[in-house]
Amino acid sequence: MSLMKIKELFHFEKGSLQSTKATTGEYDFITAAADWKTHNEYTHDCEALIFAAAASGSLGRTHYVHGKFISSDLCFIITPKDPDKYPIDLKFYHLIFLAFKDEIVRNTKSGTSKEAIGLTVFGKYELPYFDIKKQIETREQFVNAQESTNKLDAELSHQLDLVKQLRQSFLREAMQGKLVPQDSNDEPSSVLLAKIKAEKEVLVKEKKLKNQKPQPLITAEEIPFDIPENWSWCRLGEIIHDTEGGKSPNCKNIPAEGDEWGVIKTTAVQEMIFLEHENKILPAKFKVNPKHIIEEGDVLITRAGPKNRVGIVCCVENLTLNLILSDKTIRILHNKDLVSSKFIALALNSPLIKPVIEKKMTGMADSQVNITQDNMKGFTIPFPPLYEQKRIVVKLDELIQFCNVLELNIKESQTVNKLLLKQVLTEALGLKMQKVAPQKKTSKKEQITSKFDPNTTLMEIVELLKKHGKLHAEELWKMSKYPDDIDAFYAELKEQIELNNTVKESSEKGYLELV
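Residues numbered from 1 in each chain as written. Predicted model: local features only at pLDDT ≥ 70, side-chain atom pairs only at ≥ 80, totals over all residues. Heavy atoms only, no water.

### Re the confidence of the model for the chain
- Mean pLDDT for the chain: 87, with 90% of residues reaching 70 or above.
- When the criterion is pLDDT under 50, residues 433–458 qualifies, and its contacts beyond four places in sequence or with other chains add up to 64 contacts. (pLDDT = per-residue confidence, 0-100. Contact = heavy atoms within 4.5 Å.)

### Some points on the packing of aromatic side chains
- The full count for this structure, using the stated rule, is 13 aromatic pairs.
- With a centroid separation of 6.3 Å and 20° between ring planes, the pair formed by Phe51 and Phe76 is classed as stacked. Note that Phe51 is positioned in strand β5 (residues 44–52) and Phe76 in strand β7 (residues 75–80), a separation of 25 residues in sequence.
- Judged by its relative accessible area of 3%, Phe76 falls in the buried class.
- Ring plane angle 90° and centroid distance 5.0 Å describe the contact between Phe92 and Tyr93, whose orientation is recorded as edge-to-face.
- Here the aromatic cluster, defined as three or more aromatic residues joined through ring pairs, consists of Phe10, Phe12, Phe51, Phe76, Phe92, Tyr93, Phe97, Phe122 and Phe130. (Phe/Tyr/Trp six-rings, centres within 6.5 Å; stacked < 30°, edge-to-face > 60°. Helix = DSSP H or I, 4+ residues; strand = E, 2+ residues; numbered from the N terminus. Buried < 20%, exposed > 50% of the residue type's maximum accessible area, 1.4 Å probe, protein only.)

### Concerning the nonpolar core
- Counting 54 residues, the largest nonpolar core has Leu236, Ile239, Ile332, Leu348, Phe379, Phe383 and Leu396 as the members making the most contacts within it.
- Take this core: its biggest share by element is 8 residues, from helix α11 (residues 386–429).
- Those residues within four positions of Phe383 in sequence are excluded, and the remaining contacts are Ser189, Leu192, Leu193, Ile196, Trp231, Ser232, Cys234, Ile239, Val339 and Gln389.
- Membership of the second largest hydrophobic core comes to 33 residues, among which are Met4, Phe100, Ile104 and Phe130. (Core = buried A, V, L, I, M, F, W, Y, C linked by side-chain atoms within 4.5 Å.)

### Some words on the pattern of salt bridges
- Here the structure, examined in full by the defined rule, presents 16 salt bridges.
- The closest approach of N and O atoms between Asp186 and Arg391, which form a salt bridge, is 2.7 Å. Separated by 205 residues along the polypeptide, Asp186 in the loop between α5 (132–175) and α6 (189–205) and Arg391 in helix α11 bring together distant segments of the chain.
- With a relative accessible area of 8%, Asp186 lands in the buried category.
- For the salt bridge of Glu513 with Lys504, the shortest nitrogen-to-oxygen distance reads 3.8 Å.
- Salt bridges here are not isolated pairs; linked through shared partners, they connect Glu244, Asp298, Arg331 and Lys336. (Salt bridge = Lys/Arg side-chain N within 4 Å of Asp/Glu carboxyl O.)

### Focus: the pairing of strand β13 (residues 261–264)
- Of the pairings in the sheet, the one linking β13 to strand β20 (residues 322–324) comprises 3 bridges and is parallel in character. Across the sheet, residue Val263 finds its bridge partner in β20, namely Ile324.
- Of the strand pairs in this sheet, β13 and strand β16 (residues 279–281) are connected by 3 bridges, and their pairing is antiparallel. Residue pairing across strands places Gly262 opposite Ile281, the latter belonging to β16. (Pairing = 2+ DSSP bridges.)

### So, the packing of helix α2 (residues 90–99) against α5
- One way to put it is that α2 packs onto α5 with a least axis distance of 9 Å and a crossing angle of 60°. Handedness of the α2/α5 crossing: left-handed. Listed contacts from α5 to Lys91, Phe92, Tyr93 and Leu95 of α2 are Gln135, Thr138, Arg139 and Phe142.
- Looking at side-chain class alone, the contact of α2 with α5 contains 4 nonpolar, 2 polar and 2 charged residues. (Axes fitted to C-alpha atoms, helices over the stretch in contact; angles between N-to-C directions. Left-handed = near helix turned anticlockwise from the far one by under 90°. Nonpolar A, V, L, I, M, F, W, Y, C, P; charged D, E, K, R; others polar.)

### Looking at helix α12 (residues 461–468)
- Those residues of α12 that fall on the buried side of the exposure criterion are Ile461, Val462, Leu464, Leu465 and His468. Down the axis of α12, the sector holding all buried residues measures 160°, keeping them to one side. Relative to its buried face, α12 has exposed residues pointing more than 90 degrees away, namely Lys466 and Lys467.
- Gly469 occupies a position one or two residues after α12 and carries a positive phi of about 75°. (Arc of directions from axis to C-beta.)

### Re the sheet that holds strand β18 (residues 304–305)
- Pairing is antiparallel across the open sheet formed by 3 strands, whose spatial order is β18-β23-β22. One side of each edge strand has no neighbouring strand; the edge strands of this open sheet are β18 and β22 (362–365).
- Direction of pairing for β18 relative to strand β23 (residues 368–370): antiparallel, over a ladder of 2 bridges. Within β23, the position partnered with Ala304 by the bridge is Asn370.

### Re the sheet that holds strand β6 (residues 62–71)
- Pairing is mixed across the open sheet formed by 6 strands, whose spatial order is β2-β7-β5-β6-β3-β4. Strands at the two margins of the open sheet, each flanked by one partner only, are β2 (10–14) and β4 (37–39). Across the sheet, the axes of successive neighbouring strands diverge by a mean angle of 45°, strand direction being ignored.
- The sheet contact formed by strand β3 (residues 27–30) and β6 spans 3 bridges and is parallel.

### Structural notes on the environment of Thr108
- Structurally, Thr108 can be placed in helix α3 (residues 101–108).
- Spatially, the C-alpha atom of Thr108 lies 6.0 Å from that of Val121, the residues being 13 residues apart in sequence.
- In this structure the side chain of Thr108 is engaged in a polar contact, spanning 2.7 Å, whose partner is the backbone oxygen of Ile104. (Polar contact = N/O pair within 3.5 Å; in protein donor to acceptor, adjacent residues only side chain to side chain.)

### Topic: the environment of Tyr129
- Among the secondary structure elements, Tyr129 is positioned in strand β10 (residues 126–129).
- Along the sequence, Tyr129 and Leu3 sit 126 residues apart, while their C-alpha atoms lie 6.0 Å from each other.
- Among residues more than four places away in sequence, those in contact with Tyr129 are Met1, Ser2, Met4, Leu9, Tyr86, Pro87, Ile88, Tyr93 and Gln135.
- Here the side chain of Tyr129 touches Pro87 through a polar contact of 3.0 Å, landing on its backbone oxygen.

### Topic: the state of the cysteines
- In this structure the tally under the stated criterion is 0 disulfides.
- Free of any disulfide, Cys46 has its nearest cysteine sulfur in Cys75, 14 Å distant.
- Judged by its relative accessible area of 23%, Cys46 falls in the partly exposed class.
- Free of any disulfide, Cys251 has its nearest neighbouring cysteine sulfur in Cys314, separated by 19 Å. (Disulfide = S-S within 2.5 Å.)

### Some points on the side chain of Lys377
- Tracing the backbone through its elements, the reader meets Lys377 in helix α10 (residues 373–377).
- Residue classification places Lys377 among the buried residues on the basis of a relative accessible area of 11%.
- In this structure the side chain of Lys377 is engaged in a polar contact, spanning 2.8 Å, whose partner is the side chain of Asp242.

This is the structure we're talking about:
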């Protein structure tokens with residue numbers, strides 16, 4: 001085995017077709033996405049690898065193709081350079097590119113908001129070269145192992161689907177009044193609705209709240225299921241004060257840290273989870289409007305974007321950063337003493353209420369839809385007595401946490417399963433990938449000295465910090481037990497910082513170390 005530069009082994013060139021200019025046809029159109037498209041013309045008729053070089057979300061994805069095709073201009077087309085001198089089994093090198101995708105991308109990418117890999121840097125990256133017999137033997141050995149891991153992965157994916165169904169079942173029962181016992185001593189929700197209405201009238205008179213147009217009566221067709229007698233069907237606008245949006249100035253795609261201010265991305269709002277690190281740092285001279293500041297207990301909903309990302313609701317908890325609303329996120333204002341914030345979020349995320357939300361969406365295509373604030377106020381939801389709202393929240397927290405633990409364990413098994421394939425490949429080749437110094441960054445803020453070590457992965461956070469000392473948060477995540485689940489990583493990190501007091505932020509921004 002010898003390490004050789006990609007440009008010594010392969011000929012590579014940029015693809016030629018923009019995705020927007022594709023015309024459906026009989027030939028494969030290979031893009032950076034997982035799924036291929038078609039086009040009415042082709043540029044190549046050969047065996048090749050297609051490497052995604054300029055699509056941030058898919059950077060490093062590699063496809064194998066054999067036949068007539070055309071490639072996206074965001075990809076490189078890779079073919080053997082000198083088959084007589086360096087025989088190449090492209091299916092084998094497809095495995096190499098897939099197995100060491102993260103290492104290749106980490107050491108060749110550049111850019112901040114739009115990461116990409118240049119032809120020159122890509123060509124200088126070193127890959128292992130083996131004689132053709134070894135390539136074919138290893139590929140066949142890997143394919144046999146892959147059959148077993150694919151079966152296991154299918155079973156684990158099925159288990160994840162079952163956990164998702166279980167979570168949805170709990171939400172469904174909660175909204176039907178079947179999750180917790182009914183208590184005849186609870187004040188009926190009709191009385192609570194009257195209190196909310198009276199409070200809003202007072203606030204309007206005191207000019208603390210704008211006068212709102214009355215909500216239309218709920219028709220029989222708008223009631224999708226039965227609820228207990230002491231519950232009420234109401235429109236969201238009846239139980240809240242108002243809704244408000246934020247602002248989205250031009251920002252670098254870098255998250256705010258410490259005392260810095262950031263504007264949230266729509267991806268900060270997940271079903272029942274708020275991811276505060278999904279934000280962009282605000283310009284230093286940007287003047288923050290106090291009305292846009294996100295606070296603990298806020299109920300947020302996404303209002304615009306792809307259909308599957310609109311109408312997503314969460315309750316803000318465990319807030320540590322200075323953040324403002326974006327123009328694509330809406331805050332639901334309400335009296336938190338009369339209506340549970342978490343109950344609103346749970347109700348609007350329930351599979352029984354999702355169809356109600358979808359009916360209020362507008363847009364020409366699923367790729368870009370919108371919900372107006374007036375339409376949000378028209379959502380119909382089941383409304384229980386206040387104390388039952390609180391009992392439901394407590395019980396759902398317990399059950400959803402149980403689901404989260406199950407999901408985490410399954411995802412850990414998936415990660416181990418993927419790493420087993422990589423281990424089969426590396427052991428078959430006696431291979432240890434060479435670490436290349438990262439490319440220099442244009443901004444000091446983004447400059448990270450890489451300590452990534454593929455031999456110390458899937459380890460506990462504390463153990464990693466013991467071994468490597470101070471680590472950047474991104475590299476700590478990639479080497480932790482949760483390289484494919486940033487939510488689980490942050491949950492574990494938060495526990496180590498706040499509960500166990502074992503980890504702390506370093507004086508150098510973005511880095512972590514042991515206490």
